[in-house]
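# Working through the structure, step by step
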Amino acid sequence: MSKKTVKDIEVKGKRVLVRADFNVPQDQYGGITDDRRIREALPTIKYLLANGASVVLASHLGRPNGERNEKFTLRPVAARLSGLLGVQVPLLPDCVGPEVKAHVTAMKPGDVALLENVRFHKEEEANDAAFAKELASNADIFVMDAFGTAHRAHASTEGVARCIPAVAGLLVEKELRVMGDALSDPKRPFVAVLGGAKVKDKIAVVENLLGKVDTLIIGGGMAYTFLKSEGYPTGGSLLDPERLDYCRGIISQAKARGVKLLLPIDHLVATSLDGKGTSKVVNAEGIPQDMIGVDIGPQTGKAFAEEIRKAMTVLWNGPMGVFEVPEFSKGTLAIANALVESSAVTIVGGGDSAAAIEKLGLADKVTHVSTGGGASLEFLEGKVLPGIDALQDL
Ligand code: AMP
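About the thresholds
- Note on numbering: residues in each chain are counted from 1, in written sequence order.
- The predicted origin of the model limits local features to residues at a pLDDT of at least 70 and limits the giving and counting of side-chain atom pairs to 80 or more, whereas totals for whole chains, interfaces and linings rest on all residues.
- For the side-chain quantities, the full set of heavy atoms in the structure was used; hydrogens and water were omitted.
- What makes two strands pair is DSSP finding at least two bridges between them.
- Going along the chain from the N terminus, every DSSP run of H or I of four or more residues is numbered as a helix, and every run of E of two or more is numbered as a strand.
- In this analysis, axes come from line fits to C-alpha atoms, helices being fitted only over the stretch in contact, and the angle between any two N-to-C directions falls in the range 0 to 180 degrees.
- We call two residues in contact when some of their heavy atoms are within 4.5 Å.
- Between 65 and 115 degrees an angle is taken as roughly perpendicular, under 35 as roughly parallel, over 145 as roughly antiparallel, and anywhere else as oblique.
- For any pair of crossing helices, the crossing counts as left-handed if the nearer helix is rotated counterclockwise from the farther one by less than a right angle, and right-handed if it is rotated clockwise.
- Any residue that is not Ala, Val, Leu, Ile, Met, Phe, Trp, Tyr, Cys, Pro, Asp, Glu, Lys or Arg is counted as polar, Gly included; the first ten are nonpolar and the last four charged.
- Whether a residue is near a molecule or strand is decided by its heavy atoms; if any one of them lies within 4 Å of it, the residue is near.
- In protein, a polar contact requires one atom able to donate a hydrogen and another able to accept it; more generally it is a pair of N or O atoms within 3.5 Å, and residues adjacent in sequence count only if both atoms are side-chain atoms.
- Surface accessibility in these figures is a Shrake-Rupley result with a 1.4 Å probe; residues are shielded only by whichever protein chains are displayed.
- Exposure classes here rest on a 1.4 Å probe applied to the protein chains alone. A residue is buried below 20% of its type maximum, exposed above 50%, and partly exposed in between.
- For the charge count, each Lys or Arg is scored as positive and each Asp or Glu as negative, with His and the chain ends excluded.
- By definition here, a salt bridge exists when the distance from a side-chain nitrogen of Lys or Arg to a carboxyl oxygen of Asp or Glu is within 4 Å.

### Describing the sheet that holds strand 1 (residues 15–19)
Across the sheet, five strands lie side by side as 3-2-1-4-5; this open sheet has parallel pairing. Of all strands in the sheet, those with a lone pairing partner are strand 3 (112–114) and strand 5 (166–168), marking the two edges. With strand direction ignored, the average angle separating the axes of adjacent strands in the sheet is 25 degrees. Note: strand 2 (residues 54–58) against strand 3, three bridges, orientation parallel. Directly across from Leu57, in strand 3, lies its bridge partner Leu114. Against the sheet, helix 1 (residues 36–50) contacts strand 1, strand 2, strand 3 and strand 4 (141–144), and its axis sits at roughly 155 degrees relative to strand 2.

### Quick word on the sheet that holds strand 10 (residues 279–283)
Ordered by their spatial adjacency, three strands build an open sheet running 10-9-11, and the pairing between neighbours is antiparallel. On the outer flanks of this sheet lie strand 10 and strand 11 (292–296), each paired with one strand and no other. Averaged over all neighbouring strand pairs, the angle between strand axes comes to 40 degrees, with direction disregarded. Of the strand pairs in this sheet, strand 9 (residues 266–270) and strand 10 are connected by five bridges, and their pairing is antiparallel. Opposite Leu268, over in strand 10, you have Val281 as the bridge partner.

### Some thoughts on the packing of helix 11 (residues 298–310) against helix 12 (residues 330–341)
Orientation of helix 11 relative to helix 12, taken along the N-to-C sense of each, is 20 degrees, at an axis distance of 9 Å. By the angle class used here, helix 11 and helix 12 are roughly parallel. Relative to helix 12, helix 11 is oriented so that their crossing is right-handed. Contact residues: Gly301, Phe304, Ala305 and Ile308 in helix 11; Ala334, Ile335, Ala338 and Leu339 in helix 12. Partitioned by chemical class, the residues of the contact of helix 11 with helix 12 number seven nonpolar, one polar and no charged.

### Description of the site of the ligand
By nearness alone, 14 residues border the ligand, and Ala197, Gly221, Gly293, Glu324 and Asp352 come closest of all. Ala197 has a polar backbone atom sitting 3.1 Å from an oxygen atom of the ligand. In the model, an oxygen atom of the ligand is placed 3.5 Å from a nitrogen or oxygen of the Asp352 side chain. When the free accessible area of the ligand is taken as 510 Å², the share hidden by the protein chains comes to 81%. Classifying every residue of the shell around the ligand by side-chain character gives six nonpolar, five polar and three charged.

### Let's talk about the side chain of Lys202
Along the polypeptide, Lys202 turns up in helix 8 (residues 199–210). Lacking a salt bridge, the buried Lys202 has Asp201 as its closest oppositely charged neighbour, with an N-O distance of 6.4 Å. Of the polar contacts made by the side chain of Lys202, one reaches the side chain of Asn317; its length is 3.2 Å. Excluding its chain neighbours within four sequence positions, the residues that come into contact with Lys202 are Gly195, Gly196, Met222, Asn317, Gly318 and Leu377.

Okay, structure coming up:
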């Protein structure tokens, strides 16, 4: 990575502001239902504390739209973090202001504190320069470790990095190294598996990957527009009629570049998306007019898994079907299992596929599960992430 990390600078005796991504999913009572994002932030926090820094943590949670709202307090995060770190992490009453200043000024090396939700201030998402300066005034160094928010130029991600020396945390370093290596210098064969609902959301990813992969596998809802463009019947399946020509173009570009493009050869079709109707497996020519493709079929699962088995690098983004309904999750599970069984570099590119592999308890069995949804997609599109761009170069 061409950006400095916490390991490239002296942190001893320094007060370090760490932007983490503690935007964890919660139940209706505020209970944290998945603490992966908190756990992923621990290496950086522990490294800084062990090396004589004091650590001031900042994050957003949810969408309070610039107003203080108890529903979005980081209090549950402070409690979980205290448990995971084994030290009491106080939650400060705000992220800026005199009380915060008084607390952080009194902090000693080895101390840690969590600022309250930065999005309680509208200046955060507006990337207000004065607000960024105020955040920065409580630290000597800024560490960006919120990969999931790195695609947003906000005050606590990009703005603050312009005020004080700014480097990457260990999570951001890992995200950029693993995904960056896969994109720039993959071990081949390099297979990308794309799924999810909409062609439109993945266009830029498809275009960027087409120039890099040996095999492109397309499943999930987005596959039906590709199949329709080839003349297959798709019944009531998801379809983006405006992008039929685009899909046709991708198929011929793949041919021209020698990229193997795989589409589903059979499907699980159902009368409704919620799993309450009837369902059956049909081949590619057989989707009935009144049924919806809800998952890849078993033959497709096998064919995709076979391709993954041959790969040395696998990148997966997007489920193969409506995996939230257990009956429609077999295809997604087949891909997850193929990744787990593979000895290749296996990367799950955030969002729903990360949630799926997490739900299956298989996240520890792949090389890397990205913590970013939108950020991973933009990275895979080849875009510059503003929260990373603002960090010091090596
Ligand atoms: P994305 O956020 O684009 O990765 O899309 C994820 C969503 O795509 C999930 O909520 C899936 O339920 C949905 N999805 C995947 N396959 C299908 C399909 N065949 N029909 C409808 N929705 C689908």
